[in-house]
Amino acid sequence: MTGTVETGAAASAAAATAAPAALLDIRDLQVKVGGQQVLRGISLTIGAGQVHAIMGPNGSGKSTLAHVLAGRPGYEIVSGSASFEGRDLFALAPEQRARGGLFLGFQYPVEIPGVNNAYLLKAALNAARRERSLAELDAFEFLELVRAKIKLMQIDESFLSRGVNEGFSGGEKKRNEILQMLVLEPKLALLDETDSGLDIDALKVVANGINTLRGPQHAIVLVTHYQRMLDFVVPDFVHVLARGRIVRSGDRTLALELEKRGYDWVSGQAAA
Amino acid sequence: MGAGMLTTAATAAPPRSATLERILSDYQAVASSLPDAAVTRDARTQAMRELSRFGWPKSSDEQWRYTNLRAFEAVAAFGPAALVPAPAAAPELPPALPGFERLVYVDGVRYHQAARAAAGLGGVAGTQWPAEQRLGLLCDMFASDVAALRISGTAAIEVLFLTSAAAAGASCYPRLQVALEPGGELQLVERHLGAPDAPTLVCANIEVVLGRGARLVHYRLQQCGLHTAFADTLCARLADESSYSVRQVAIGAACARTSAQVRLAGRGAALSWQAIAVGRGQQVHDTALKVEHLAADTRTEEVFRGIADERARIAFSGHIHIASSAPGSDTRQSLRGLIEGAGAEVDLRPRLEINTDEVKAQHGATTGALDENLMFYLLARGIDRDSARALLKWAFLGDVLRAIELPAVRRAAEHGAAGQLPDVMAVGALA
């Protein structure tokens with residue numbers, strides 16, 4: 001299995017046999033926020049082409065994991081490591097991680113009036129292209145590229161000239177996050193509760209966008225509280241976080257079982 | 001101590017400062033040559049008396065605490081740099097605004113005048129400047145000319161006040177009077193330009209009177225050079241159902257002080273004052289705006305955004321007074337300051353006085369550094385830290401810049417503001 005999931009002692013044993021194609025390899029990651037330990041030893045290996053879902057109750061550390069990997073300040077990495085394509089992820093600044101192909105889809109995308117969407121998208125895309133030694137796109141090439149993706153995400157083209165997320169509804173902000181992901185074509189997309197606050201129609205549009213990225217060159221991590229997103233974006237692996245640990249891993253049936261039995265079913269294992 | 005001594009002490013005028021002595025002396029030297037057409041001799045004399053009574057402002061006065069008075073005191077001569085129209089050589093002017101008539105004043109004196117604006121003086125009675133607007137008295141004393149606009153229909157006029165190299169070391173007194181007849185509509189651009197290479201005073205008076213239902217959109221761009229001490233004193237009075245929209249961009253001058261007072265005197269009158277100030281180096285931009293709600297159902301929207309970079313100092317005092325005669329008043333005040341330099345300072349002072357019931361009032365004032373959440377969002381998209389910082393600074397000013405509806409004026413304001421923020425220019429945020 002290219003994608004391996006280990007917890008506890010199994011992790012170290014698996015390290016030696018982890019597939020060389022591992023895109024992201026997290027080892028025994030422990031993190032504090034404001035002096036409180038939030039992650040208590042996460043080990044997880046994600047291979048190119050895989051879709052992983054990370055589920056868990058509120059406060060289990062799901063979003064912390066996504067944000068630590070993206071480089072958000074304010075987190076104290078107590079111990080452990082994360083390598084991204086063999087590079088020490090934590091030695092890279094957030095913008096270097098992004099340009100290197102790591103994308104964080106925000107649960108609460110911020111509004112930045114005064115910086116328009118087109119400007120941000122083009123600047124972000126060209127920053128990533130420079131990193132890959134590709135020529136920057138001019139305005140015409142950029143528009144050509146972005147138009148098809150806008151259509152896919154069912155966003156009005158006029159939004160390009162509006163401020164980033166300015167006045168957008170919650171659903172529009174999430175669609176914009178996925179649009180950015182599609183334009184940037186990251187190697188690894190960490191989508192932090194992208195499904196929260198979406199009605200069923202918007203959820204389908206967002207899921208369709210995520211599935212469009214899916215392919216052998218891209219890995220996706222869906223951080224989610226609910227199973228319903230996984231009806232539309234079917235994961236290869238499901239992990240359950242509770243109290244800062246991965247307490248159970250499995251395939252998509254694990255999410256269905258969680259839906260039936262609730263998080264109390266696994267929380268007891270975290271406390272043990 | 002005897003009673004007589006006490007009486008003497010109580011009635012004595014405040015001791016004159018050296019600066020005031022110089023002002024009075026300079027005035028006596030030029031008084032006989034100042035044109036009555038701009039300000040009558042009696043009015044000048046009255047202004048001189050008032051200024052003597054108030055005295056030259058001191059930094060210890062709360063109203064003048066943030067003004068760099070030294071920059072004003074460093075001016076070599078308070079007499080006007082020019083008493084007659086400038087020579088025929090055409091000054092360098094910015095591109096004309098499509099659809100606008102243009103008036104040009106060089107060193108406070110009319111250089112060229114379009115036909116419509118020859119409407120003449122009148123409509124604005126001599127303003128009684130209070131102590132907090134006492135620099136208006138200086139302009140009344142020394143003004144060599146006046147741009148007087150009386151508008152009864154619809155008009156679009158640009159008034160350029162240029163300070164020439166010849167004014168270096170002296171003073172210029174731009175004076176602008178605007179009277180809109182009932183129902184009149186005016187788009188007015190007031191722009192101050194010029195960069196003499198020695199300390200120069202530009203001291204402007206702006207008087208506005210709006211008749212019933214009149215609408216004035218007033219764009220104000222202050223782009224003076226860094227040797228200029230700039231003061232503008234504005235007084236506006238609004239009749240029933242009139243509206244006054246001010247879009248002010250202050251980016252130039254070593255020291256700039258705006259003293260403004262707007263009286264919402266008629267029922268339903270509305271003020272929208274949106275302003276930005278951007279300072280670098282050791283620039284000081286200080287604004288004191290007082291709005292008086294004197295009639296029912298009057299409205300104020302006040303937005304200020306200030307960025308202080310390096311060692312600059314930005315201050316904004318927003319005083320809104322709602323009188324007992326103004327039930328149903330609605331005020332919104334949003335003041336925000338961004339401190340970008342280690343030695344920079346931003347001082348925001350919202351003040352709301354309410355003397356009646358049934359009032360809606362929102363106000364907020366925040367000063368600080370760039371929002372870390374916004375910064376991380378841009379970093380997480382691969383934008384480098386310097387560019388992200390520049391973009392967010394630009395976005396910070398966006399509220400006000402976007403409120404400038406005329407594209408040509410907005411471009412001028414944007415380029416002026418971006419010129420103060422070299423990192424913004426570098427990332428091409430204007431594109």
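Here the structure is shown first, and the text comes after it.
Now for a quick tour of the structure. (Residues numbered from 1 in each chain as written. Chains lettered and ligands numbered in written order. Predicted model: local features only at pLDDT ≥ 70, side-chain atom pairs only at ≥ 80, totals over all residues. Heavy atoms only, no water.)

**Details of the overall build of chain B**
Working step 1: A tally of helices and strands in chain B yields 9 helices and 19 strands.
Working step 2: The proportion of buried residues among the 431 residues of chain B is 58%.
Working step 3: Contacts in chain B between residues far apart in sequence, at least 24 positions, make up 83% of those at least 6 positions apart.
Working step 4: Accessible area for chain B stands at about 16,600 Å²; split by element, carbon and sulfur atoms hold 50% of it. (Helix = DSSP H or I, 4+ residues; strand = E, 2+ residues; numbered from the N terminus. Buried < 20%, exposed > 50% of the residue type's maximum accessible area, 1.4 Å probe, protein only. Contact = heavy atoms within 4.5 Å. Areas by Shrake-Rupley, 256 points an atom, 1.4 Å probe, with all protein chains shown as cover.)

**Considering the overall build of chain A**
Working step 1: Across its full length, chain A holds 10 helices and 12 strands.
Working step 2: The principal-axis extents of the C-alpha atoms in chain A amount to approximately 55 × 40 × 35 Å.
Working step 3: When each of the 272 residues of chain A is scored for burial, the buried share is 54%.
Working step 4: Long-range contacts, defined as pairs at least 24 residues apart, comprise 68% of the intrachain contacts of chain A with a sequence gap of at least 6.

**Let's talk about the interface of chain B and chain A**
Working step 1: Taken residue by residue, the interface counts 20 residues in chain B and 31 residues in chain A.
Working step 2: When the buried surface of chain B facing chain A is broken down by residue, B:F376, B:Y377 and B:R381 rank first, second and third, together holding 39% of it.
Working step 3: The closest approach of N and O atoms between A:E177 and B:R381, which form a salt bridge, is 2.8 Å.
Working step 4: The tally of links from chain B across to chain A stands at 8 residue pairs in polar contact (both at pLDDT 80 or more).
Working step 5: Residues belonging to the side of chain B that touches chain A are distributed by class as follows: 13 nonpolar, 3 polar and 4 charged. (Buried area = accessible area lost by both parts, 1.4 Å probe. Salt bridge = Lys/Arg side-chain N within 4 Å of Asp/Glu carboxyl O. Polar contact = N/O pair within 3.5 Å; in protein donor to acceptor, adjacent residues only side chain to side chain. Nonpolar A, V, L, I, M, F, W, Y, C, P; charged D, E, K, R; others polar.)

**Observations concerning the pattern of salt bridges**
Close approach of charged atoms lets side chains of opposite charge pair.
Working step 1: A full pass over the atoms with the stated rule returns 32 salt bridges over all chains.
Working step 2: Close ionic contact of A:K62 with A:E193 constitutes a salt bridge, the shortest N to O distance being 3.8 Å. Taken together, the positions of A:K62 in helix α2 (residues 62–70) and A:E193 in the loop between β9 (188–192) and α7 (200–213) put the pair 131 residues apart, joining distant regions of the chain. Take A:K62 and A:E193: they sit in the same class, and that class is buried.
Working step 3: Between B:R280 and B:E310 there is a salt bridge, with the nearest N and O atoms lying 3.7 Å from each other. Highlighted residues: B:R280 in the loop between β13 (270–279) and β14 (284–293) and B:E310 in the loop between β15 (299–308) and β16 (313–322), separated in sequence by 30 residues.
Working step 4: Taken together, the salt bridges that share partners define one network made up of A:E166, B:R305, B:D399 and B:R402.

**Notes on the packing of aromatic side chains**
Working step 1: Overall, the coordinates contain 8 aromatic pairs over all chains when judged by the stated rule.
Working step 2: A ring pair is formed by A:F106 and B:Y377, whose centres lie 4.8 Å apart and whose planes are at 45 degrees; its orientation type is tilted. A residue pair is termed interchain when its members come from two chains, as with A:F106 in the loop between β6 (102–105) and β7 (112–116) and B:Y377 in helix α6 (residues 372–379). Both residues of the pair, A:F106 and B:Y377, belong to the buried class.
Working step 3: Arranged with centres 5.9 Å apart and planes meeting at 45 degrees, the rings of A:F159 and A:F168 form a pair that is tilted.
Working step 4: Residue class for A:F159 comes out buried when judged on its relative accessible area of 3%.
Working step 5: Ring pairs connect the aromatic residues A:F106, B:F376 and B:Y377, which therefore count as one cluster.
Working step 6: The lysine or arginine in question, B:R257, covers the ring of B:W64, its NZ or CZ lying 3.9 Å from the ring centre.
Working step 7: The lysine or arginine in question, B:R381, covers the ring of B:Y377, its NZ or CZ lying 4.9 Å from the ring centre. (Phe/Tyr/Trp six-rings, centres within 6.5 Å; stacked < 30°, edge-to-face > 60°. Lys NZ or Arg CZ within 6 Å of the ring centre and 35° of its normal.)

**Focus: the packing of helix α5 (residues 139–152) of chain A against helix α6 (residues 170–184) of chain A**
Residue and element names in this part refer to chain A.
Working step 1: Between α5 and α6, the shortest axis-to-axis distance is 10 Å and the interhelical angle comes to 140 degrees. You can see that α5 and α6 cross each other, and the crossing is right-handed. Counted together, L145, V146, K149, I150 and L152 of α5 and L179, L182 and V183 of α6 form the full contact between these two elements.
Working step 2: Residues belonging to the contact of α5 with α6 are distributed by class as follows: 7 nonpolar, no polar and 1 charged. (Axes fitted to C-alpha atoms, helices over the stretch in contact; angles between N-to-C directions. Left-handed = near helix turned anticlockwise from the far one by under 90°.)

**Section: the side chain of B:T228**
Working step 1: Note on placement: B:T228 falls in strand β10 (residues 228–238).
Working step 2: With residues up to four places along the chain from it excluded, the contact list for B:T228 reads B:G194, B:P196, B:T200, B:V202, B:A253, B:A254 and B:C255.

**Some words on the pairing of strand β1 (residues 101–106) of chain B**
Residue and element names in this part refer to chain B.
Working step 1: Most of β1 sits inside the fold, with 5 of its 6 residues counted as buried.
Working step 2: Here β1 runs beside strand β4 (residues 154–162); their pairing, made up of 6 bridges, is parallel. Bridge assignment links R102 to a residue of β4, and that residue is E158. (Pairing = 2+ DSSP bridges.)

**Quick look at the nonpolar core**
Working step 1: With 123 residues, the main nonpolar core has A:I26, A:I112, A:M181, A:L188, A:L191, A:I210 and B:L397 as its most contacted residues.
Working step 2: When residues of this core are assigned to their parent elements, the largest contribution, 10 residues, is made by helix α7 (residues 385–402) of chain B.
Working step 3: Non-local contacts of A:I210, meaning those with residues more than four positions away in its chain, are made with A:I178, A:M181, A:L191, A:I220, A:L222, A:M229 and A:V233.
Working step 4: B:V159, B:A275, B:A326 and B:A344 belong to the second largest nonpolar core, which has 48 residues in total. (Core = buried A, V, L, I, M, F, W, Y, C linked by side-chain atoms within 4.5 Å.)

**A few points about helix α2 (residues 18–30) of chain B**
All names here are of chain B.
Working step 1: Look at α2: 19 Å from first C-alpha to last across 13 residues, which is about the 18 Å you get at 1.5 Å a residue.
Working step 2: Buried residues of α2: T19, L20, I23, L24, D26, Y27 and V30, and no others. Along the axis of α2, the buried positions cluster into a sector of 165 degrees, meaning they face one direction only. Projecting away from the buried face of α2 at angles above 90 degrees are the exposed residues A18, Q28 and A29.
Working step 3: Contact partners of the buried residues in α2: α3 (41–54), α4 (69–73) and α5 (135–142). (Expected span 1.5 Å × (residues − 1). Arc of directions from axis to C-beta.)

**Here we look at the sheet that holds strand β12 (residues 245–250) of chain A**
All names here are of chain A.
Working step 1: Spatially, the 6 strands line up as an open sheet ordered β6-β9-β10-β3-β11-β12, and their pairing is mixed. For this open sheet the edge positions go to β6 and β12, each flanked by a neighbour on one side alone. Across the sheet, the axes of successive neighbouring strands diverge by a mean angle of 20 degrees, strand direction being ignored.
Working step 2: Alignment of strand β3 (residues 51–55) against strand β11 (residues 237–242), held across 4 bridges, turns out to be parallel. For M55, the partnering residue across the bridge sits in β11 and is V240.

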